[in-house]
Structure formats: C-alpha cells, structure tokens
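Each chain, letter by letter, is given below.
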Amino acid sequence: MKKFVQIAFLLIGGALGLVFLPPLYELLHLSSNPWLDNPYVSVALGALLLFTLSFAFSDYFVRLISWMEEVLFKVPVGDLFFGTLGLIIGLIVAYFLGFAIDSIDLPIITKVLPIILSFVLGYLGFRVGFKKRDELIQLFTLRGNNTKKKLAEGVELQEVRGSYKLLDTSVIIDGRIADISETGFIEGTLVVPQFVLTELQHIADSSDTLKRTRGRRGLDILKKLQDERMTKVQITEEDFEDVQEVDLKLVRLAKKMGHDTQIVTNDFNLNKVCELHNVKVLNINDLANAVKPVVIPGENMQVMVIKDGKEHNQGVAYLDDGTMIVVEGGRSYIGQAITVTVTSVLQTSAGRMIFAKPKDD
C-alpha cells in the first residue's frame, strides 16, 4: 500500500506540475528560459516534488486508507450500495444546479457555490440513501397484485430480508427449539452467530461433567436443526470485539441485521435486556406457558406434596409439566396425595406458579 501511495503521489505531482508550474514561471518572469518553459520539465519537476514529499507523508496516508478499509468492511453491503446511490444522485443534482448558477454574473458565486453544493448535496444524498435503505427497498419491491399472482401460480416467494431468528446459547442447550422448529411454528432462517458456537464449545470442553454434557447436547441440537429443518440454519461470522458479553453481542447483531430480526431465548434476563433495547424477542418459556392447560382460581386438582416451601407451613407440589404449586398450609401433607383448591396463578416469562390450599380448609 505504501508503494501504491508513492506512485499516486508521483502521478498527481506530474499532473499538478503540468497545470500550475507554467503560470508560476510567468509570475516569476522565468518563462523565457527554454529549459523551464517545457511541459516535460514541468511534469518531471512536479512529480519529483510530490514523490519526495511522499516519503514524509506516505505513512499517514497508509494509516488513513487502512482505517477507511476497516470502516467500509464493517458496513453492510446494502447500506453501502444505497449510500453510494444517494451520493451519485446528490452530485448529479448539484451538477445541474451549476448550469443555473453559471447564468449569474458574479465570478465568486459561479466558482465557489457549485463546489459547496457538490459537497452538501453529495453528503445529504449519501445520508438519505444510507438511512432510508429499508424504505427504498420497499419502494422498489413489487407487492400487492404481483404477490397474489405468484401465490396463485404456486411460485415460491423469496424470503423477505430481516426474517431471521437469532439463537442464543441457552435456547440451544435447552433443546426444545428443535422440536418447535420441526413442527413448523418458527418461520424464516435460524441464525447462529460464531460467538455463540464458541461459547458452546467452551462449555462442551469444560472440566465440569454437567457443563460438558450440556455443551455437547447443544452441539447435537444444532446438528439436528441442520439435518431436519426445512429452511436453512445459517452460521454468521459477524462479531463485536469491543463487547465481551454474548447477550449484548446478540442484541447488537439483531439491531444490525434489521428491525424484523428476532432473538430466540429462554433466558429471562436476556428477555428484559432485549425489551430495553427495543429488540424483538421470542421466549421459549412464554410459548411453553401459553400451551399449558389453563388453571382457574377455585378449580380443584389432585397433587402430591413433596417438600416444604420457603414460607412458614407451606408445601410444594409439581404438575406433570413441571409447574410448581405452592400449597398454603401444606407442610403437614408432605408425602401425601391431596386435593387442593387453586387460589391464584402467577405467570411471567420466568415460568408459572400456582397458589393453592387444601380443599378441606
């Protein structure tokens, strides 16, 4: 890159020497010298001057180009394309406005204003194209009648941009996502970031037996998703090195991928973080709670009290689906199957809890 910068300085210096050195000779009354008043000499002098300066400034230009490359490589292709398109449109508008400005009989305005308009309109065009990418895509996408026609003809529609489901580590280890996916209730592409796979690998390589088992189970679940799922499972290499926490990386990746991207999890804390960041989230526990049998206060049920609760004289029982039942005054019934009456139900994203009391009471 350094050699490329030096060659660019050499060519630019030759062009500048050809343009600016002859007027300078006239200003210094040196144009009568046949050696100086020669286009080849002007090109050589200009090229030599800037090539010499390149040794002092090439390192700074190399750093600038490297920084620009790093920034551009991180920008999504869609943002870059529509930003460049907006820049071109802005410059075209500035070019045509320049014709109207040429009619003004003020040399300062006719020379300076077109340059200012080019900078301003070019910048505004780039920003509008960059920020309004999604709206521009919708504007140029054929919908309505064309969509109905394709559906009638049985043509498979391409997947809409942004219909992605980001999987976090907890939901992969949990395993229920594979069964839900197999039923077809989850649409779109399942996306597994590389940093989630790395965390799964660390868990699978743990010295703790339980953690190692959970990590290997998560990897098996991913393999099952790839083998059995009708739509694809995509592995993305996108990462955020300035962030250490996997949950925050998921939130940032969801924002970057688009407004319709959803994070699939069963982590209660990640659920709350997503809500704070206005990121859509699908909580497996919410789905599990939604499909559990409805329990109404006043309903009677048969349960087995298996242990005492946190509060005084409480007993704890469980339904077949794992729902915990807190039995007020049930401590004396530990180890017995009794009939209880539901008093209230508490349901959150963390799970569902039923409060009841023995029917005799």
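For the structure, see preceding data.
Basis of the calculations
Residues numbered from 1 in each chain as written. Predicted model: local features only at pLDDT ≥ 70, side-chain atom pairs only at ≥ 80, totals over all residues. Heavy atoms only, no water. Helix = DSSP H or I, 4+ residues; strand = E, 2+ residues; numbered from the N terminus. Contact = heavy atoms within 4.5 Å. Areas by Shrake-Rupley, 256 points an atom, 1.4 Å probe, with all protein chains shown as cover. Patch = residues over 30% accessible without salt bridge, like charges linked within 9 Å, V, L, I, M, F, W, Y side chains within 5 Å. Salt bridge = Lys/Arg side-chain N within 4 Å of Asp/Glu carboxyl O. Buried < 20%, exposed > 50% of the residue type's maximum accessible area, 1.4 Å probe, protein only. Pairing = 2+ DSSP bridges. Phe/Tyr/Trp six-rings, centres within 6.5 Å; stacked < 30°, edge-to-face > 60°. Axes fitted to C-alpha atoms, helices over the stretch in contact; angles between N-to-C directions. Parallel < 35°, antiparallel > 145°, perpendicular 65-115°, else oblique. Nonpolar A, V, L, I, M, F, W, Y, C, P; charged D, E, K, R; others polar. Expected span 1.5 Å × (residues − 1). Bend = angle between axes of the 7 residues up to and from the residue. Right-handed = clockwise from strand over helix to strand, strands pointing away.

Asker: I tried to follow the overall build of the protein on my own but got confused; where do I start?
Answerer: For the protein, the helix and strand inventory stands at 13 helices and 10 strands. Across the protein, contacts joining residues at least 24 apart in sequence account for 62% of those joining residues at least 6 apart. Total accessible area on the protein is roughly 23700 Å²; 62% of this is exposed by carbon and sulfur atoms.

Asker: How should I be thinking about a nonpolar patch on the surface in this particular structure?
Answerer: On the surface, Leu49, Leu53, Phe57, Tyr60, Phe61, Leu64, Trp67, Met68 and Val71 cluster together into a nonpolar patch covering about 890 Å² of accessible area. Given a relative accessible area of 53%, Trp67 falls into the exposed group.

Asker: For this particular structure, what's the right way to read the environment of Val196?
Answerer: Structurally, Val196 is set in helix 9 (residues 194-204). Spatially, the C-alpha atom of Val196 lies 8.8 Å from that of Leu250, the residues being 54 residues apart in sequence.

Asker: I'm lost on the pairing of strand 1 (residues 164-167) in this one. Help?
Answerer: Moving residue by residue along a regular strand, the side chains alternate between the two faces of the sheet. Bridge count for strand 1 against strand 2 (residues 189-193) is 3 bridges, and the pairing is parallel. Looking at the pairing, Lys165 lines up with Leu190 of strand 2. In this structure, strand 1 lies alongside strand 4 (residues 262-265), joined through 3 bridges in parallel fashion. If you follow Leu166 over to strand 4, its bridge partner there is Ile263.

Asker: Is there a simple way to think about the packing of aromatic side chains in this case?
Answerer: Tallied over the full model, the rule gives 2 aromatic pairs. When the centroid spacing of 5.3 Å and the interplanar angle of 80 degrees are considered together, the rings of Phe81 and Phe82 count as edge-to-face. Look at Tyr95 and Phe96: their rings are 5.7 Å apart centre to centre, the planes differ by 75 degrees, and that puts the pair in the edge-to-face class. Each member of the pair, Tyr95 together with Phe96, is exposed.

Asker: Just checking my understanding: could you explain the packing of helix 9 against helix 10 (residues 209-228) for this structure?
Answerer: The relative placement of two packed helices is expressed as an angle between their axes plus a distance between the axes. Packing of helix 9 against helix 10 brings their axes to within 6 Å, and their N-to-C directions diverge by 140 degrees. Our classification of the angle between helix 9 and helix 10 gives oblique. Every residue of helix 10 that contacts helix 9 at Leu197, Leu200, Ile203 and Ala204 is listed here: Lys211, Arg212, Gly215, Arg216, Gly218, Leu219 and Leu222. Looking at the contact of helix 9 with helix 10, its residues break down into 6 nonpolar, 2 polar and 3 charged.

Asker: It is not clear to me how the sheet that holds strand 2 should be interpreted in this structure. Could you clarify?
Answerer: The strands making up a sheet are joined through hydrogen bonds of the backbone, oriented either antiparallel or parallel. Read from one edge of the open sheet, 5 strands run 3-2-1-4-5, paired in parallel fashion. Pairing within the sheet leaves two strands with one partner each, and these edge strands are strand 3 (233-236) and strand 5 (280-283). The average angle at which neighbouring strand axes cross in this sheet is 30 degrees, direction not considered. Sheet strands in contact with helix 11 (residues 246-257) are strand 1, strand 2, strand 3 and strand 4, and its direction is about 170 degrees off that of strand 1.

Asker: In this structure, what is going on with helix 2 (residues 39-74)? I would like to understand it.
Answerer: Working note: α-helix, 3.6 residues per turn, so residues spaced by three or four point in the same direction. Along its 36 residues, helix 2 runs just 45 Å from first to last C-alpha, ending more than 12% under the 52 Å computed at 1.5 Å per residue. Approximately 60 degrees is the largest bend angle found in helix 2, and it occurs at Phe57. Burial in helix 2 covers these residues: Ser42, Gly46, Ala47, Leu50, Ser54, Ser58 and Val62. Residues of helix 2 that are buried make contact with helix 1 (2-27).

Asker: Please explain the pattern of salt bridges as it appears in this structure.
Answerer: When their charged atoms lie close together, side chains carrying opposite charge are able to pair. Evaluation of the coordinates by the stated rule reveals 7 salt bridges. Lys224 serves as the salt-bridge partner of Asp179, at 3.6 Å between the closest nitrogen and oxygen. Linking Asp179 in helix 8 (residues 176-183) with Lys224 in helix 10, this pair joins segments that are 45 residues apart in sequence. Taking the shortest distance from any N to any O, the salt bridge between Lys249 and Asp239 comes out at 3.1 Å. With Lys249 in helix 11 and Asp239 in the loop between strand 3 and helix 11, the pair connects residues that are 10 residues apart, well separated along the chain. By relative accessible area, which is 37% here, Asp239 ends up partly exposed.

Asker: Is there a simple way to think about the pairing of strand 4 in this case?
Answerer: Neither face of strand 4 is exposed, since Gln262 and Val264 on one face and Ile263 and Thr265 on the opposite face are all buried. For strand 4 and strand 5, the ladder comprises 4 bridges, and the chain directions are parallel. Looking across to strand 5, one finds that Thr265 is bridged to Asn283. Between strand 4 and its parallel partner strand 5, the chain crosses via helix 12 (residues 268-276), and the hand of that crossover is right-handed.

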